[in-house]
Structures are given as C-alpha cells and as structure tokens.
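Chain by chain, the residues run as shown.
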Amino acid sequence: MAEEIPEGVLKARDRKRKFLLEPYLDWAEAQGVPIHEDFAIDMLAVEAKPWARFGINGAICHLRGRDDFLTTFLFELPPGGKSAPAQHVYEEVIYVLSGHGSTQVEVNGRTHSFEWGPKSLFSVPLNSKYRHFNGSGREPARLAATNNLTWLMNLFRTESFIYDNAHQFPERAGDIGYFAGEGESIEVLQGRHQWETNFVADISDFELKAMPTRGAGGSNIRFVLGDGSIGCHCSDIPPGTYKKGHRHVNGVVIHAVTGVGYSLLWYEGDKEFVRTDWKHGVIYSPPDNMFHQHFNISAGAARYLAVQMGSVRYPMMQQKRDVWTPGGMFAKTVDEGGMQIEYDQQDPRIHALWLDEMRKAGIEPKMKAFIGK
C-alpha cells in the first residue's frame, strides 16, 4: 500500500514543485516596461517607458491571439536619440510606425547603414550588432519589432545566451545591396511569390502580385528578410471590396498599413462575430484556426502586413508545410478540407453588415463582379 502523505506535507511539496512555467513571461515582467495585452493594440497610442536593455523607451505588446512563438516589442526613440548597441540570437522583423531615422548594422566585418521612414520594413540579420538612430531632432520615432524571443527564451531560459552570444551567422546577411533596398524576385506560385531583401523603404507602395484566390481582385507578396524563418507578406484589398473568410495555422500578427476597415473573427459554430476595427498603427492576431475576414471601408486600397512564425522558404512546422505545399490547404475550401470560405458559402449577415458600413462611409460597393447580386 502506498504511504499516505499528511496534508500539511503535501501542501509544502506543492509550493516547491515547478509546474507550468513560462520563462519568457517571467523575463518580460522583469524588464520594468509596460506590458499591454489585448485582442488588438494601437501601437501609436500605447504607453512606452525607459527600457534599460535597449537604451530607449519601449513596451511589450502581447496579443491575445498570439501563438507560442512570436511577440511584438514597441520601441520609441526620442528626438535625436539612439538605442544602445545590441545583438541577439532571436530573429526580428521591424515595421516603422512613425518617424524617420537610420539603422547601423555590423555584418562580416563591415558596417552598413540605411535610412528608414514610416511604413519601412526591415530585419537585422541574426545576431548582428546593430543600433537605431532617430534622424529628427523634434519628433520621436516608433518601431514595431515582431520577434521569436518567446520561443527561444522558453527553450534556453538563459538571457546571456540570447543577448551575449558571440557566434556569427555570415550566411544570413545576403547580398550587400539588400541593405540598400535592393532585392531578388523569386517567382513560385500564386500567393507564394517572394521578394528577398533586408530592407524595404516603403511597403505601402511596393508592387504586389495578383492573388485572386483570396477574392475580389486582391494582390500579395511575401518577403524573405535576412534569410529568416519569420515569414511576412503584404496584401491589398481593392476599394469597394473585401476578402474571403479563411483561417491560419498558429497566430499571425497583422499590421494595418493603409486605409481603414475592420475584420470579423469567429470559431466554427460561433453564433456571433468578434469585430476588430483597424487603421495604420493597429496590430491584432487571429488565433490558431479562428476564421477571420478583412473588409475595406476606404475610398482607396487597404493594405496590411502579416507576420508569422514559419515562411514559405522555412515552414518550420509540418502544418505550415501542408498549407503551402502546391495543392495544399492554402486555397482549398472548408468543404475540401482546406482553410477558406467561398463567398457563396459565407454567412449572409457578413455581406449585409459590410453594405451598411459602405453606406455610412459613402463609398460605392464593387462586389457584384465577385458575388453577384
């Protein structure tokens, strides 16, 4: 017979037992900066405070729909300010929310410098030394940095290994012109075409490729930044239209770039929708396998940037390999075992709600060509 443990002894053992720990959240709490958590976050409006590690103001933004791999930091450089020199073994994709400045990167014994402004997109190659500079003496600059520190901190649990690691990855730097905005177009398949670079000066007017699969004449391009495993893509929603409903594997951090609109989110079987309104500066994340649909209520095109763990080059997970493999689930309908809802299968309330929003905005709907009357 098993020995009976007295209740008081059992409770004492429970207090000492390590159970369901998440080292990344402990690390985040210890940083002493604001931690914002919500379904959607306006990165231009939330509070930032001094962050000793980076030498500038910052905040940690945890989206409720995020996965176990990515989180987003907010960095705010004061007028004329600069960040502390840094390097780290996590990957990071940076989207410029506001302001103008530059970044210096040391790679393979050379220092590269590039200037950025609102809606620039870039990535510092893995574990390269870098520093950000605010080029304005009057206005602050804000950067949104989506990274995979969550995954690495939970794996290694040692801050010094991540931030004080001397190992270099010279193969990640790519062509020297990548720091100047040059790049290579890689034609693959619809929805998987890529542009490889380290820096894009302005993603709001970057040329996209037609992607009618998601509906209503939309377009898309995928970026390979710093040869990283964090995938990101830009998509356009033409004026007077909206996209087809779909769902993702794992969470995706979505940045609104141009235009205004909203997204509806729901799990299969839900009777009500969750609505997220967006404009430039807002980020949100549809959780794993949650259906969502994007609606443009602007006079012009609405563009967004989606950032996720795994890319079409490095899927990282078998689920994503299954999605992006030719003939995979990417554009298959739910009836076919895929992840997309065709217009004629969507809840009729969705179109009626959008028509009402278009009337309020005084914008002409242009969906007849795609869904009929």
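Residues numbered from 1 in each chain as written. Predicted model: local features only at pLDDT ≥ 70, side-chain atom pairs only at ≥ 80, totals over all residues. Heavy atoms only, no water.

### What about a nonpolar patch on the surface?
Move 1: Taken together, Trp151, Tyr314 and Met316 make up a surface patch of nonpolar side chains, about 270 Å² in accessible area.
Move 2: By the element assignment, Trp151 lies in helix α3 (residues 149-156). (Patch = residues over 30% accessible without salt bridge, like charges linked within 9 Å, V, L, I, M, F, W, Y side chains within 5 Å. Areas by Shrake-Rupley, 256 points an atom, 1.4 Å probe, with all protein chains shown as cover. Salt bridge = Lys/Arg side-chain N within 4 Å of Asp/Glu carboxyl O. Helix = DSSP H or I, 4+ residues; strand = E, 2+ residues; numbered from the N terminus.)

### Re the packing of aromatic side chains
Move 1: One pass over the structure, following the stated rule, counts 25 aromatic pairs.
Move 2: Relative to Phe75, the ring of Phe73 has its centre 6.1 Å away and its plane inclined at 70°; by these criteria the two rings are edge-to-face.
Move 3: Judged by its relative accessible area of 0%, Phe73 falls in the buried class.
Move 4: For the pair Trp266 and Phe291, a centre-to-centre distance of 5.9 Å together with 20° between the ring planes defines the contact as stacked. Here Phe291 lies in strand β23 (residues 291-296) and Trp266 lies in strand β20 (residues 261-266), a separation of 25 residues in the sequence.
Move 5: For Trp266, a relative accessible area of 9% corresponds to the buried category.
Move 6: By relative accessible area, Phe291 is classed as buried at 2%.
Move 7: Three or more aromatic residues joined by ring pairs make a cluster, and in this case those are Tyr24, Trp27, Trp51, Phe54, Phe73, Phe75, Tyr90 and Tyr163.
Move 8: The aromatic ring of Tyr163 is capped on one face by Arg53, whose charged end is 3.8 Å from the ring centroid.
Move 9: Positioned over the ring face of Tyr262 is Arg275, at 4.1 Å from the centre of the ring. (Phe/Tyr/Trp six-rings, centres within 6.5 Å; stacked < 30°, edge-to-face > 60°. Buried < 20%, exposed > 50% of the residue type's maximum accessible area, 1.4 Å probe, protein only. Lys NZ or Arg CZ within 6 Å of the ring centre and 35° of its normal.)

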